Amino acid sequence: MFFLMITAAQAQIVTTVASDFNALVDSFVMTGVSVSNVQYTGDSLSIGSFSDGTTSNLDIDQGIIMTTGSIPAVPIGSYVGNFASTINSQLGDSLLDQLIPGYYTQDASVLEFDLVPVGSVLQFEFVFASEEYPEWVGTDYNDVFGFFISGPDTAGNYYDNTNVALIPGTTTPVSINNVNSALNAGYFIDNELLGDSNFVFDGYTTTITVTVQVVPMASYH
């Protein structure tokens, strides 16, 4: 199991831009997984770590933050009425494009690594948040998140850049057009309605846990 840890919180959300991506991933990989070949593609200010997440309505207290914007531009742990958006003039990602046909991504933030699991289950948690909520749902803008895995499955086949970041119980990827106040609303939190003073994004998903069946000691990307 890997990626995000939960501990006690004491203050508002704190973010730190990452300069060492190997150390960033190592900080949030739990026992049972070895990691190598860490690579990041995107703007240098768009990836880092966060802590004290549960001082807002997030269920995850510590973890890795990846954004299409800039982590230090507007504090993530600030009032929802603030506006956290930055144009980085970076490329999009073709795998993300495939999740939202008809749209083309920009300013993609992509973290990649190889891993070898000791056990037969790989699990991680994530929250997807966006400043495009709620007014841009169903328009020309469609923020999206994906977690793609390649490697052997337990049936003798192969995961080939298979997106496993799905709305629970569906085959639907996570984007602002797929989870919002009108669609899959049980997984959506309207942060403007809450008036959260410690989380800047206008809307976000509940914490989604992903479980992937894997072959012990096999190599995955």
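Check the entry above for the structure.
The following refers to the structure shown. None of these values were measured; they are calculated from a predicted model. (Residues numbered from 1 in each chain as written. Predicted model: local features only at pLDDT ≥ 70, side-chain atom pairs only at ≥ 80, totals over all residues. Heavy atoms only, no water.)

Before going further, it helps to spend a moment on the overall build of the protein chain. The number of helices and strands found in the protein chain is three helices and 14 strands. Here the protein chain has a C-alpha radius of gyration of 17 Å; the compact-globule value for 221 residues is 17 Å, and the two agree. Taken over the C-alpha atoms alone, the protein chain extends approximately 50 × 40 × 35 Å along its principal axes. Looking at the protein chain residue by residue over its 221 residues, the buried ones come to 46%. A separation threshold of at least 6 residues defines the contact pool for the protein chain, and within that pool the share at least 24 residues apart is 70%. Summing over all exposed atoms, the protein chain offers an accessible surface of approximately 10,700 Å²; the carbon and sulfur share of this is 51%. (Helix = DSSP H or I, 4+ residues; strand = E, 2+ residues; numbered from the N terminus. Rg over C-alpha atoms; globule rule 2.2 N^0.38 Å. Buried < 20%, exposed > 50% of the residue type's maximum accessible area, 1.4 Å probe, protein only. Contact = heavy atoms within 4.5 Å. Areas by Shrake-Rupley, 256 points an atom, 1.4 Å probe, with all protein chains shown as cover.)

One open sheet accounts for three strands, arranged S1-S3-S4; its pairing is antiparallel. Edge positions in the open sheet fall to strand S1 (14-17) and strand S4 (63-66), since each of these has one partner strand only. Going from strand to strand, the sheet's axes swing by 35° on average, the running direction of each strand aside. Direction of pairing for S1 relative to strand S3 (residues 47-51): antiparallel, over a ladder of four bridges. Pairing of Val17 across the sheet is with Gly48, part of S3. Contacts from helix H1 (residues 21-28) reach S3 and S4, with the element oriented near 35° to S3. (Pairing = 2+ DSSP bridges. Axes fitted to C-alpha atoms, helices over the stretch in contact; angles between N-to-C directions.)

A complete count under the given rule lists eight aromatic pairs for this structure. Considering the side-chain rings of Phe124 and Phe147, the 4.1 Å spacing of their centres and the 25° angle between planes classify their relative orientation as stacked. Of this pair, Phe124 sits in strand S6 (residues 121-126) while Phe147 sits in the loop between strand S8 (144-145) and strand S9 (148-152), placing them 23 residues apart in sequence. Looking at Phe147, the relative accessible area reads 14%, which means it is buried. Between Phe126 and Phe145 the ring centres are 4.7 Å apart and the planes differ by 35°, which places this aromatic pair in the tilted class. Remark: Phe145 occurs in strand S8 and Phe126 occurs in strand S6; sequence separation between them is 19 residues. Judged by its relative accessible area of 4%, Phe126 is buried. Among the aromatic side chains, those forming a connected cluster through ring pairs are Phe124, Phe126, Phe145 and Phe147. (Phe/Tyr/Trp six-rings, centres within 6.5 Å; stacked < 30°, edge-to-face > 60°.)

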